[in-house]
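# Residue-level structure breakdown
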Amino acid sequence: MKAIENLYATAKRVFIRTLTSNSPADRVGFYLGRICVEEFSEILVLAGNGHGIGALKILRGMYERAVTSAYILANPDQADAFLDYDKVNKHKAYMHAKKLGVFGPHLTPETIKQIEDDYEAVKPMFMSGTRVRGSWTALDTASLAQKAGAGYEQLYLDAFYKPTLEIHATATALLGRLEFTDQGKMSFDSRPRRVEARHAMVMAHNLLLRVLDSQNTHFKLGLDAALQDNLADFQKAYGHDKTTE
C-alpha cells in the first residue's frame, strides 16, 4: 500500500497541474495518460476484492491507452489521425443504428448529413486497399508498443493479448472459469480469482510507472528521482518475478 500511495503522489505531480500547449499531440498524450491513472484505480478496487478477471479486462484497455499515449507523444504528427478517426467511429455507430432499424437511435436529417459529410472528408486518410481500415493507425498494437518506448513491448503479451481473450467470447475465457472434480464433473468456479488479481495489479502498477515516465520525459517535468523511488517501491512490494523485471 505504501508503494501505491507513493505512486499516486507522483501521478498527482504529473497530472494535477496546468498544461499550456497548442499541440494536439500534447493534449491527446496527456489525457490518455490521465485516463490510465483512473483505470489503475479501477483495477485496484477489483483486484482488492478478488475480481481478478474483471481487473484483467480493465488492464487490457489501460495498456492500449498507455501505448497510444506514449506513441503519440513521441510521434506528434500522428495526433490528427487519432482525432480524425473519431468521425469514422461516429459513422460506424450510425451505420449500426441503421441496421438495427427501429431499435437504433432517431437522428435528425441535419445530424445524419453532418455524420456523412465528416466521414467522407476523412475517409481517404484511412483507406487500406478498397476498405476503410479498422483503426486510426495502420500499425497493430504490438507494433505501436515497439515504437512507444522502453518497456511497453515487454508487457504486450501479459497486459494486452492474454486479457483480450477474457474480454471476448472465447473458449479460453470459458474454460478458465470451470473446475472439474476427480469424478469428472464440471461446474462453474465462483471462487475469488486471487492469482489473476495479483497479476493484474503487478502489470497495472508496472504499466503506470511507464506512463508516468513517458509523461516526465516528454514534458520535462524533472521527476526522475521520484520515479526511481517509485520503481524501488514497486520491486520491493511485489518481489522479483518476470512481471516485475
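Just above sits the structure.
A brief report on the enclosed structure follows.

What follows covers the overall build of the protein chain. Within the protein chain one finds ten helices and four strands. Helices (α) and strands (β) of the protein chain occur, in sequence order from the N terminus, as α-α-α-α-α-β-β-α-α-α-β-β-α-α. With the principal axes as the frame, the protein chain shows a C-alpha extent of 60 × 55 × 30 Å. Here the protein chain, with 245 residues, has 39% of them falling under the buried criterion. In the protein chain, 71% of the contacts between residues at least 6 apart in sequence involve partners at least 24 apart. When the accessible surface of the protein chain is summed, it comes to about 14200 Å², and 55% of that surface belongs to carbon and sulfur atoms. With 30 positive and 29 negative side-chain charges, the protein chain shows a separation of 2 Å between the mean positions of the two kinds.

Take the side chain of His91 next. The residue His91 is located in helix H4 (residues 79–100) in this model. Residue classification places His91 among the buried positions, given a relative accessible area of 13%. Setting aside its immediate chain neighbours within four residues, His91 contacts Ile115, Glu116 and Tyr119.

In this section: helix H1 (residues 2–15). Taking 1.5 Å per residue, 14 residues should reach 20 Å; H1 reaches 20 Å between its end C-alpha atoms and fits that length. If you check which residues of H1 are buried, you get Ala3, Ile4, Leu7, Thr10, Ala11, Val14 and Phe15. Burial along H1 is one-sided: seen end-on, the buried residues are contained in an arc of 125°. Exposed residues on H1 whose side chains face more than 90 degrees from its buried face are Lys2, Lys12 and Arg13.

Below, the discussion takes up the environment of Glu120. Note on placement: Glu120 falls in helix H5 (residues 109–122). Classification of Glu120 as partly exposed rests on a relative accessible area of 47%. Placed 115 residues apart in sequence, Glu120 and Gln235 show a C-alpha to C-alpha distance of 50 Å.

As enumerated under the stated definition, the model contains eleven aromatic pairs in all. Geometrically, the ring pair formed by Tyr8 and Phe40 is edge-to-face, given 5.7 Å between the ring centres and 75° between the ring planes. Of this pair, Tyr8 sits in helix H1 while Phe40 sits in helix H2 (residues 24–48), and the two are 32 residues apart along the sequence. Judged by relative accessible area, Tyr8 falls into the partly exposed class, the value being 29%. Each member of the aromatic cluster is reached from another via a ring pair, and the members are Phe15, Phe30, Tyr31 and Phe219.

Procedures and definitions
What you see as residue numbers is a count from 1 along each chain, following the sequence as written. The predicted nature of this model means local features are confined to residues of pLDDT at least 70 and side-chain atom pairs, given and counted, to a pLDDT of 80 or more, with totals for whole chains, interfaces and linings taken over all residues. Only heavy atoms go into the side-chain values, all of them from the structure, while hydrogens and water stay out. In this text, helices come from DSSP runs of H or I with a minimum length of four residues, and strands from runs of E with a minimum of two, each type numbered from the N-terminal end. Accessible area is worked out with a 1.4 Å probe on protein chains only. A residue is then buried under 20% of its type maximum, exposed over 50%, and partly exposed in between. In what follows, a contact means two residues having at least one pair of non-hydrogen atoms within 4.5 Å. Only the protein chains shown count as covering a residue, and every accessible area follows the Shrake-Rupley method with a 1.4 Å probe. When charges are counted, Lys and Arg contribute as positive and Asp and Glu as negative, whereas His and the chain ends are disregarded. For the purpose of locating charges, the reference atoms are NZ of Lys, CZ of Arg, CG of Asp and CD of Glu. Multiplying one less than the number of residues by 1.5 Å gives the expected span of a helix. To obtain the arc, one takes the directions from the helix axis to the C-beta atoms. Put simply, two rings from Phe, Tyr or Trp (the six-membered ring, in Trp's case) pair if the centres are within 6.5 Å, and we call them stacked under 30 degrees between planes, edge-to-face over 60, tilted for the rest.

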